[in-house]
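Structure at a glance
Take a look at the letters that make up each chain.
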Amino acid sequence: MASGAGKACVVGIGQTELSRNSGRSITRLALEALFAAADDAGIAPSVIDGFVPYPDSVTAEDVIPVLGSADVRFTAVSHMGGASSLAGLRLATLAVESGQADYVAVFVARNGSSATRIDQRVRQLTGQAYRRELEYPHGMNTPAQWYALACRRHMHEFGTTREALGTVALTMRENAQRNPGAQMYGRKLTMDDYLSAPVIADPYLKYDCCLETDGAAAVIVAREDRLADSRVPGVRIEGIAEGHPDSADDIAGRWDIFDTGLTKAAPRAFGQAGLTPADVDLAYIYDCFTFEVIQQLEEAGFCGRGEGGDFVLDGNIAAGGSLPVNTHGGLLSEGHLTGMNHLVECVRQLRHQAPDGRQAADARVAALTGWGDMGDGALALLAKA
């Protein structure tokens, strides 16, 4: 860290509406989110001198001319699938704390419903040579099918029930009812609805799977000593780490199917922050599938391995529980912006600016997880500055 630089903080957030059809290009969506984040931070867009875009989407070069950035000093991209948003936040943190840039924008934009659907996006994931030769010919070609392996194994080893998965789905849907911006706002879900839904990849049913979404989100990271320039409360990045599983390009050949990148990243992030899971007031878990919430709660240390099913069944992740999870509805019910919408909502909560009656009382410390590719993981710990 540069001498006297101070810790990195999120000083601005921006997000477009989430929809099934945005009606505009991903470059325009990205710019809308970036301009909104700069306005939120109270800075001119032209002073942003670092960019960390989401991979295989809008690039830094696409937005620099429109923002008017005169002297961009830092750009980087992290290729970790859905974990790339938090891994990108880590890159921004390293950049500002080392003095490589003053204001770094981390952003994602996608037309993930109206244009590049999941069947197209998975072709960009790691290990394609292996999958083309050995998995695709047998019809095993989507994340739902790959990750269902871990879910079924967890059920076999620990007795995790379909009702536990359903509780995750219902909790995210209930949270979305307090968020008019969520794609599933106004569409309640019952356990009967969940259990009677069609099978996607056993044991995953329809409501175990996240949404596909058009939209964009951005955050701006700066050093803590620049908070005087900001007109909003800062949110300090206390600790952040990434991790990669053994056999990083494959799930089926892994010795321990539950040992993911998050298993390695979580203790590093907590160690950096000088915190423990017991210090966390609320969590934003990358909920690409319901079981991944259960698994990540375990691997991040909020409960023991094999205890995640009971943890959610006991109401811990609900709005009034011991660890409220995804207060906005998450990828399952708000929308899928690769976890950047989790980060935006987290910052709102820590600022105590969450709208629509969903503000968590006394929220001071939050954890966010990232999950991508074949189990790459990241964990960030944020606190009210």
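These lines cover the structure that appears in this document, whether it is placed above or below. Because the structure is a prediction, the values reported are computed rather than measured.

Counted under the stated rule, the structure contains five aromatic pairs. When the centroid spacing of 5.6 Å and the interplanar angle of 70 degrees are considered together, the rings of Tyr-147 and Phe-289 count as edge-to-face. Taken together, the residues Tyr-147 in helix α6 (residues 143-158) and Phe-289 in the loop between β9 (282-284) and α10 (290-299) connect sequence positions 142 residues apart. Like Tyr-147, the residue Phe-289 is buried in the burial classification. Following the ring pairs from residue to residue traces out a cluster consisting of Tyr-147, Tyr-204, Phe-289 and Trp-371.

Looking now at the nonpolar core. Core analysis: the biggest nonpolar cluster contains 58 residues, and Leu-297 and Leu-381 have the highest contact counts within it. Looking at which element gives the most residues to this core, the answer is α6, with seven residues. Aside from chain neighbours lying at most four places away, what touches Leu-381 is Arg-236, Ile-237, Glu-238, Gly-239, Ala-269, Phe-270, Ala-273, Leu-275, Val-280, Ala-366 and Ala-367. Formed by 39 residues, the second largest nonpolar core is a distinct cluster that contains Ile-240, Tyr-284, Val-344 and Ala-380.

Of all ten residues making up α10, ten are buried, and the element is well covered by its neighbours. Along α10, the positions that sit buried rather than exposed are Thr-290, Phe-291, Glu-292, Val-293, Ile-294, Gln-295, Gln-296, Leu-297, Glu-298 and Glu-299.

Relative to the helices and strands, Arg-268 resides in helix α9 (residues 261-273). Given a relative accessible area of 42%, Arg-268 falls into the partly exposed group. Considered as a pair, Arg-268 and Gly-239 are 29 residues apart in the sequence and their alpha carbons are 8.1 Å apart. Residues contacting Arg-268, with those up to four places away along its chain left out, are Ala-241, Glu-242 and Gly-243.

A separate point is the environment of Val-96. Here Val-96 lies in helix α3 (residues 84-97). It is 25 Å that separates the C-alpha atoms of Val-96 and His-352, two residues lying 256 residues apart in sequence.

So, on to α3. Taking 1.5 Å of rise per residue, 14 residues should cover 20 Å, and α3 covers 20 Å from first to last C-alpha, within 8% of that figure. When you tally the buried positions in α3, you get eleven out of 14 residues, the bulk of the element. Every buried residue of α3 is accounted for by Ser-84, Ser-85, Leu-86, Ala-87, Gly-88, Leu-89, Ala-92, Thr-93, Ala-95, Val-96 and Glu-97. Backbone geometry just downstream of α3 places Gly-99 in the positive-phi region, at approximately 80 degrees.

Counting buried positions along strand β1 (residues 8-15) gives seven out of eight residues, so the element sits mostly inside the fold. Relative to strand β7 (residues 214-223), β1 is paired through seven bridges, and the arrangement is antiparallel. Looking at β7, one finds that Val-10 is bridged to Val-221. Two elements, β1 and strand β8 (residues 235-243), share two bridges in a ladder whose sense is antiparallel. What sits directly across from Val-10, in β8, is Val-235.

So, about unusual backbone geometry. The step from Asp-202 to Pro-203 runs through a cis peptide bond, and the omega angle for that step is 10 degrees. Among the secondary structure elements, Pro-203 is positioned in the loop between β5 (199-201) and β6 (204-205). Even without being glycine, Thr-338 reaches a positive phi, approximately 55 degrees. If you trace the backbone, Thr-338 turns up in the loop between α12 (330-333) and α13 (340-351).

Relative to each other, α6 and α10 sit at 65 degrees, their axes nearing to 10 Å. It follows from the interaxial angle that α6 and α10 lie roughly perpendicular. Viewed along their axes, α6 and α10 form a crossing whose handedness is left-handed. Contacts between α6 and α10 involve Tyr-147, Ala-150, Cys-151 and His-154 on the former and, on the latter, Phe-291, Glu-292, Ile-294, Gln-295 and Glu-298.

This paragraph deals with the pattern of salt bridges. Under the defined criterion, the tally for this structure stands at 21 salt bridges. For the salt bridge of Asp-102 with Arg-73, the shortest nitrogen-to-oxygen distance reads 3.5 Å. Placement of the pair is Asp-102 in the loop between α3 and β4 (103-111) and Arg-73 in the loop between α2 (60-67) and β3 (74-75), with a sequence separation of 29 residues. Among the residues examined, Arg-73 registers a relative accessible area of 40% and is labelled partly exposed. It is possible to trace a salt-bridge network through shared partners that takes in Asp-49, Arg-73, Asp-102, Arg-223, Asp-225 and Arg-226.

A word on the state of the cysteines. In total, this model carries zero disulfides according to the counting rule given. Considering cysteine sulfurs only, Cys-210 is the nearest to Cys-209, which forms no disulfide, with 7.2 Å between them. Looking at Cys-209, the relative accessible area reads 17%, which means it is buried. A disulfide-free cysteine, Cys-288 has its sulfur positioned 6.1 Å from the sulfur of Cys-210, the nearest such atom. The buried category is assigned to Cys-288, whose relative accessible area is 6%.

What counts and how
Residues numbered from 1 in each chain as written. Predicted model: local features only at pLDDT ≥ 70, side-chain atom pairs only at ≥ 80, totals over all residues. Heavy atoms only, no water. Phe/Tyr/Trp six-rings, centres within 6.5 Å; stacked < 30°, edge-to-face > 60°. Helix = DSSP H or I, 4+ residues; strand = E, 2+ residues; numbered from the N terminus. Buried < 20%, exposed > 50% of the residue type's maximum accessible area, 1.4 Å probe, protein only. Core = buried A, V, L, I, M, F, W, Y, C linked by side-chain atoms within 4.5 Å. Contact = heavy atoms within 4.5 Å. Expected span 1.5 Å × (residues − 1). Pairing = 2+ DSSP bridges. Axes fitted to C-alpha atoms, helices over the stretch in contact; angles between N-to-C directions. Parallel < 35°, antiparallel > 145°, perpendicular 65-115°, else oblique. Left-handed = near helix turned anticlockwise from the far one by under 90°. Salt bridge = Lys/Arg side-chain N within 4 Å of Asp/Glu carboxyl O. Disulfide = S-S within 2.5 Å.

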